[in-house]
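Summary of the model geometry
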Amino acid sequence: MEKRGLVTREARADDARGSMVRLTDKGREAIEAAAPTHVDNVRRLFFDPLTSDEVRLFGDFLDRIRGAVERESR
């Protein structure tokens, strides 16, 4: 992505072991161009095959997983 000009990598002032990756204007344009197709694909592949009850259940599962991750990260 860096070679394609979509992101830049910068040294971190507070931690020499890592880098900060920043999105370039070209990178933002690429994301904005891809977003509608991406959203359509996610809807078609992940949600359209499910019933409304299954979508709610899926949401419940994701809420439980998010809660576990939040508790773990404290």
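The paragraphs below set out a description of the structure included in this document. (Residues numbered from 1 in each chain as written. Predicted model: local features only at pLDDT ≥ 70, side-chain atom pairs only at ≥ 80, totals over all residues. Heavy atoms only, no water.)

The subject of this paragraph is the environment of Arg 64. Within the secondary structure layout, Arg 64 lies in helix H2 (residues 52–72). On the accessibility criterion, Arg 64 (62% relative accessible area) is exposed. Along the primary structure Arg 64 and Arg 9 are separated by 55 residues, whereas in three dimensions their C-alpha atoms are 35 Å apart. (Helix = DSSP H or I, 4+ residues; strand = E, 2+ residues; numbered from the N terminus. Buried < 20%, exposed > 50% of the residue type's maximum accessible area, 1.4 Å probe, protein only.)

So, on to a nonpolar patch on the surface. On the surface, a nonpolar cluster with roughly 450 Å² of combined accessible area is contributed by Leu 57, Phe 61, Leu 62, Ile 65 and Val 69. Considering the arrangement of structural elements, one finds Leu 57 in helix H2. Residue class for Leu 57 comes out partly exposed when judged on its relative accessible area of 41%. (Patch = residues over 30% accessible without salt bridge, like charges linked within 9 Å, V, L, I, M, F, W, Y side chains within 5 Å. Areas by Shrake-Rupley, 256 points an atom, 1.4 Å probe, with all protein chains shown as cover. Salt bridge = Lys/Arg side-chain N within 4 Å of Asp/Glu carboxyl O.)

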